Amino acid sequence: MRILIDGMGGDNAPEEIVAGVIDAAKEIDEELLIIGKKEEITACLDKQGGNGKNIEVIDASMTITNDEAPVKAVRTKKDSSIVKGLNMVKNGEADVFLSAGSTGALLAGGLFILGRIQGIDRPTLATIYPVIGGQPSLLVDTGANAECKPDNLFEFATMGSIYMEKVIGRKNPTVGLVNNGTEEGKGTTLTKAAYELIEKSNLNFIGSVEARDLPDGICDVIVTDGFTGNAIIKLTEGMGLMVLREMKRRFLADTRSKLGAVLLKKQLMGIKREFNYAEYGGAPFLGVKGAMLKMHGSSDALAVKQTIIKAIPYVREKVVDTIQNSVLEIEEILISE
């Protein structure tokens, strides 16, 4: 398996990207390819002692930044790490592409270069949602599609279920539709129509779920439009950081509190890990004809390493092909409407 990593994407590239690749190379045998400005990446590898047998550098002279118009950048910067990397996946030179770069450029590149799976209207960005003290959920969509149709939410639910089962290992995952109440007839025109579609499918649908219940792990796959999903994930991330900061402040307030912190250190570190996005790896773009995962823009070495490891079952379990094969069921349900 050849795993291709964007060496120039993200706030901490290429240093943290290279560090994550080196850490992953110590644990897996897959070929790891870093694409980007070869001189910079090679210098980082030399500095960090990462010239291992399963690490290779692919030169790409250009970089797409977050400030650029995604579509224009993808069309004009042919030798950028994102465009060249996605073309390598398309041409079979790599099995999966990982990047912490521009989300817009990755989505545009995925659509223009890899193309959509036939029968899927819109790809979705699927992000692991932390559940304190329990198994994490999967939130779809988290920003790829700000405005959606009912058909799109049904597709997200189907693709999210496949990913949760094949990659995360959750058998017959439960699916919940984000709504402003759990009653069947409640919600917007969008959620009501989406509810009817998902209910008719073979998915393990538990109905509408409220945002307040998501941190308790009420369902395995959380379905919503990209605008709402992006707000949910960022609010959760912000609340998590705020809670951790406040806990730290209070535990360091006086000598008695510090003693308590020492006694609870193991438990507190466990909570911190569960809130840390880096522990869960990147988010896959589901619905494109190729394997690609988006890492957080501020990804550190741990996040890069975890995304690389998560990419292995994504490729091995042929998630893209499984989604393609599931399109027939999706189409049957939509046609019946």
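### So, a nonpolar patch on the surface
On the surface, a cluster of nonpolar side chains totalling about 350 Å² of accessible area is made up of L235, M239, M242 and V243. Among the structural elements, M242 can be located in helix α8 (residues 226-251). In this structure M242 comes out as partly exposed when scored by relative accessible area, which is 37%.

### Concerning the sheet that holds strand β9 (residues 221-223)
Spatially, the 11 strands line up as an open sheet ordered β3-β2-β1-β4-β11-β10-β5-β6-β9-β7-β8, and their pairing is mixed. Pairing within the sheet leaves two strands with one partner each, and these edge strands are β3 (55-59) and β8 (204-209). Taking each pair of neighbouring strands and ignoring which way they run, the sheet shows an average axis angle of 25°. Of the strand pairs in this sheet, strand β7 (residues 174-178) and β9 are connected by 3 bridges, and their pairing is parallel. Residue pairing for β9: V175 is matched across the bridge by V221.

### Side note on helix α2 (residues 38-48)
Among the residues of α2, I41, C44 and L45 are the ones counted as buried. Viewed along the axis of α2, the buried residues span an arc of 100°, placing them on a single side of the element. With respect to the buried face of α2, the exposed residues turned more than 90 degrees away are E39 and K47. Looking one or two residues past α2, G49 carries a phi angle of roughly 65°, positive in sign.

### Quick notes on the pairing of strand β5 (residues 124-129)
On a regular strand, each side chain points to the face opposite its neighbour's, so the side chains alternate between the two faces of the sheet. Of all the 6 residues making up β5, 6 are buried; the element is thus mostly covered by neighbouring parts of the structure. What you see with β5 is no split at all: T124, A126 and I128 on one side and L125, T127 and Y129 on the other are buried throughout. Here β5 runs beside strand β10 (residues 283-286); their pairing, made up of 2 bridges, is antiparallel. Note that in β10 the partner of T124 across the bridge is L286.

### Some thoughts on the confidence of the model for the chain
Per-residue confidence for the chain averages 89 on the pLDDT scale, and 93% of its residues sit at or above 70. Across the chain, element-level confidence peaks in β9 with a mean pLDDT of 98 and bottoms out in helix α10 (residues 265-275) with 67.

### Some words on the packing of helix α1 (residues 15-25) against α2
At a closest axis distance of 9 Å, the pairing of α1 and α2 adopts a crossing angle of 55°. Taken together, the axis directions place α1 and α2 in an arrangement best described as oblique. Crossing handedness for the pair α1 and α2: right-handed. Residues E15, V18, A19 and I22 of α1 form the contact with α2, whose participating residues are I41, C44, L45 and Q48. Here the residues of the contact of α1 with α2 sort into 6 nonpolar, 1 polar and 1 charged.

### Some thoughts on the nonpolar core
Counting 61 residues, the largest nonpolar core has I5, L32, V96, L98, V223, I308 and Y314 as the members making the most contacts within it. Among the elements that make up this core, the one with the highest residue count is helix α6 (residues 150-168) (9 residues). Every residue in contact with L98, bar those within four places of it in the chain, is listed here: I3, L4, I5, D6, L293, M295, T307, I308 and A311. Within the second largest apolar cluster, 27 residues are counted, among which are I35, I64, M88 and L106.

Cut-offs and rules
Think of each chain on its own: its residues are numbered from 1, step by step along the sequence as written. Only residues with pLDDT of 70 or above have their local features reported here, since the model is predicted, and side-chain atom pairs are shown and tallied only from 80 upward, although totals for entire chains, interfaces and linings are computed over all residues. Hydrogens and waters are ignored; side-chain quantities use all the structure's heavy atoms. Each patch is built from salt-bridge-free residues with over 30% relative accessible area, joining like charges within 9 Å and nonpolar side chains (Val, Leu, Ile, Met, Phe, Trp, Tyr) within 5 Å. Per-residue and other accessible areas follow the Shrake-Rupley method at a 1.4 Å probe size, with only the shown protein chains counted as cover for residues. The salt bridge definition used is simple: a Lys or Arg side-chain nitrogen within 4 Å of an Asp or Glu carboxyl oxygen. A helix here means a DSSP run of H or I that spans at least four residues, while a strand means a run of E at least two residues long, and both kinds are numbered starting from the N terminus. Think of it in three bands: with a 1.4 Å probe and only protein chains considered, a residue is buried below 20% of the maximum accessible area for its type, exposed above 50%, and partly exposed in between. Strand pairing follows a simple DSSP-based rule, namely that at least 2 bridges must link the two strands. Every axis corresponds to a line fitted to the C-alpha atoms, with the helix fit spanning only the stretch in contact, and the corresponding angles, defined between N-to-C directions, vary from 0 to 180 degrees. Summarising the geometry, the arc corresponds to the directions from the helix axis toward the C-beta atoms. Along the chain, pLDDT gives the predictor's confidence residue by residue, from 0 to 100. If an angle is under 35 degrees, it is roughly parallel; if it is over 145, roughly antiparallel; if it lies from 65 to 115, roughly perpendicular; otherwise it is oblique. For a crossing to be left-handed, the near helix must be turned anticlockwise from the far one by less than a right angle; the clockwise case is right-handed. Every residue pair with non-hydrogen atoms within 4.5 Å of one another is taken to be in contact. The residue classification treats Ala, Val, Leu, Ile, Met, Phe, Trp, Tyr, Cys and Pro as nonpolar and Asp, Glu, Lys and Arg as charged. All others, Gly included, are polar. Nonpolar core, defined: a set of buried Ala, Val, Leu, Ile, Met, Phe, Trp, Tyr and Cys residues in which side-chain atoms within 4.5 Å join the residues together.

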